[in-house]
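Fold and contact review
Spelled out from the first residue to the last, the chains are:
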Amino acid sequence: MLCFVYVLNFLDRQLLSILAKPIQDDLGITDGQLGLISGLYFAVFYCFISIPVAWLADRTNRVRVLSIACALWSAATIACGMASAYPQLVAARMAVGVGEAGGVPPSYAIITDYFPPGRRGTALGLYNFGPPLGQALGVAFGAAIAAAYSWRSAFQLLGAVGVLAALAVILLVREPRRGGLDIAPADPPVAAPLPKAGFRETVVMFFTRPALLLTALATGATQFVTYALLNFTTLFLMREKGMALTQVAVYYAPLIGIGVSAGMYVSGRLIDRFGTRAKQSYALIPALALCAAVPFFIGFVWAPSWPLALLFLIGPTFLNYFYLSPAVTLVQQEVRPDQRVLSGALLLLVMNLIGLGLGPTYLGAVSDLLRASDPRNFLQLAFYTLVPFYGLAVLLFLALARALRTEATRTGDL
């Protein structure tokens, strides 16, 4: 159920990029405006509202917080389909961000309290099927509904499904006991409940601990690439590679769904296998995957036709997402049970401000800037400028590996 809500979370979030071409044609917005509305404008509300919501969820019923959040973002998605001008679409997208702020952090903590250490990487990896399934279903259903009716109908129908899902969460998901699976059988029982961590205490802990901060920065640099790519790929394939909206629904949807899901699952299994032996695995696995993704990404941008472009896109679609399951598992395991929701929100704050907020915004702005120099392939040239950010992400993951090794050496947990 949590995964299904995450699917809707990401589906509603990505509808704008999936239907960018018909929305641009209808409302007359530029690539730069599209980058702002799918990037910075959305991320500011999504990231900062998530902090007080997470603090509240750490002290109340996390399932109820998730249900209310799902209802809010779904209603705002319906409002996106009713927008008749760019400012109205901006306001509706900001409201989507407010609702989605309460979606992921409570779910991370709920799942962590459902599974013991050693199984959490796989469990969170399965939960993280939400983004690729949301992307795939968004492409398939969003493009199909838009092709048959209009882009507005896609927002309205899929938003209505989310309202129903919000009711189902309350009925089907049980609130687990916080930290109930953290204590090994050999440990003495805890005499009294631990006091709840303060807001300031958790924030200071997160940003002063090198491993947690570097995890957030490395994932942020990775998301700078993934969100920029994700938010403009459909537009790129249609405008510069010649794909039709119906072809996007048939061919791009399964690629994104299977490729990203496989990356999430494989990385989660690798972390469960190697993470208990060496904590550096949480950083080295994503770093190696990103290195392997670069040549495939360049091939995707260069390809002269959309079938060849999709063939190259399989590589980065699979490898770009090796970072998320290790990062989420590491943060959830390295903090106290009463700090998990807020710590998950802080991780999302940093990585989404950098990735979701700046990635699409940067790519849209560069695309507009290059339009004068190459009116036919300006978005293609903008995509090439993402390659150095792959290198930055790899360097940050290597720094994280060093920090994890230092911590392990100090504590004797090698």
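These numbers were taken from a predicted model, which means no experiment stands behind them.

A few words on the packing of helix α12 (residues 210-239) against helix α16 (residues 324-334). Packing of α12 against α16 leaves a shortest axis separation of 10 Å and a crossing angle of 160 degrees. One finds that α12 runs roughly antiparallel with respect to α16. α12 and α16 meet at a crossing whose hand is left-handed. The residues of α16 that touch α12, namely those facing Leu-212, Thr-215 and Thr-219, are Ala-327, Leu-330, Val-331 and Glu-334. A class-by-class count of the residues in the contact of α12 with α16 yields four nonpolar, two polar and one charged.

Turning to the packing of aromatic side chains, a few remarks are in order. Taken as a whole and judged by the stated rule, the model has 17 aromatic pairs. Relative to Phe-10, the ring of Tyr-6 lies with its centre 6.5 Å away and its plane at 80 degrees, an arrangement referred to as edge-to-face. Separated by four residues within a single helix, Tyr-6 and Phe-10 lie in helix α1 (residues 2-18), roughly one turn from each other. The pair formed by Tyr-6 and Phe-10 is uniform in burial state, with each residue classed as buried. Grouping aromatic residues by their ring pairs yields a cluster made of Phe-236, Phe-297, Phe-300, Phe-383 and Tyr-390.

Turning next to the pattern of salt bridges. Counted according to the given criterion, the structure contains eight salt bridges. Notably, a salt bridge pairs Glu-334 with Arg-209, separated by 2.5 Å at the nearest N-O pair. Note that Glu-334 is positioned in helix α16 and Arg-209 in the loop between α11 (199-208) and α12, a separation of 125 residues in sequence. Taking relative accessible area as the criterion, Arg-209 reaches 21% and is therefore assigned partly exposed. The residue Glu-334 makes a salt bridge to Lys-279 at a minimum N-O spacing of 2.9 Å. Of this pair, Glu-334 sits in helix α16 while Lys-279 sits in the loop between α13 (245-274) and α14 (281-302), placing them 55 residues apart in sequence. Each of Arg-62, Asp-113 and Glu-175 takes part in salt bridges that share partners, so that together they form one network.

Secondary-structure assignment places Pro-316 in helix α15 (residues 306-319). Separated by 53 residues in the primary sequence, Pro-316 and Gly-263 have C-alpha atoms spaced 9.6 Å apart. For Pro-316, the contacting residues outside a window of four places in its chain are Ala-293, Phe-296, Phe-297, Tyr-321 and Tyr-390.

A separate point is α11. All of the buried residues in α11 are Thr-202, Met-205 and Phe-206. The buried residues of α11 occupy an angular sector of 95 degrees when projected down its axis, which confines them to one face. Every exposed residue of α11 that faces more than 90 degrees away from the buried side is listed here: Arg-200 and Thr-208.

To continue, consider the nonpolar core. Counting 140 residues, the largest nonpolar core has Leu-19, Ile-23, Tyr-108, Tyr-252 and Phe-383 as its most contacted members. Here Tyr-108 is in contact with Tyr-6, Leu-124, Tyr-127, Asn-128, Leu-324, Val-328, Gln-332, Gly-344 and Leu-348, once residues within four sequence places are set aside.

A few words now on a nonpolar patch on the surface. A cluster of nonpolar side chains, namely Met-1, Phe-4, Val-161, Ile-170, Leu-171 and Leu-172, defines an oily patch on the protein surface of about 580 Å² accessible area. Among the elements that line the nonpolar patch, the one with the most residues is helix α10 (residues 151-172), at four residues. Positionally, Met-1 belongs in the segment before α1.

This paragraph deals with the confidence of the model for the protein. Overall, the predicted model of the protein reaches an average pLDDT of 84, with 95% of residues at or above 70. With pLDDT under 50 throughout, residues 185-192 is counted as low confidence; its partners more than four residues away or in other chains account for one contact.

Rules of the game
- Residues numbered from 1 in each chain as written.
- Predicted model: local features only at pLDDT ≥ 70, side-chain atom pairs only at ≥ 80, totals over all residues.
- Heavy atoms only, no water.
- Axes fitted to C-alpha atoms, helices over the stretch in contact; angles between N-to-C directions.
- Helix = DSSP H or I, 4+ residues; strand = E, 2+ residues; numbered from the N terminus.
- Parallel < 35°, antiparallel > 145°, perpendicular 65-115°, else oblique.
- Left-handed = near helix turned anticlockwise from the far one by under 90°.
- Contact = heavy atoms within 4.5 Å.
- Nonpolar A, V, L, I, M, F, W, Y, C, P; charged D, E, K, R; others polar.
- Phe/Tyr/Trp six-rings, centres within 6.5 Å; stacked < 30°, edge-to-face > 60°.
- Buried < 20%, exposed > 50% of the residue type's maximum accessible area, 1.4 Å probe, protein only.
- Salt bridge = Lys/Arg side-chain N within 4 Å of Asp/Glu carboxyl O.
- Arc of directions from axis to C-beta.
- Core = buried A, V, L, I, M, F, W, Y, C linked by side-chain atoms within 4.5 Å.
- Patch = residues over 30% accessible without salt bridge, like charges linked within 9 Å, V, L, I, M, F, W, Y side chains within 5 Å.
- Areas by Shrake-Rupley, 256 points an atom, 1.4 Å probe, with all protein chains shown as cover.
- pLDDT = per-residue confidence, 0-100.

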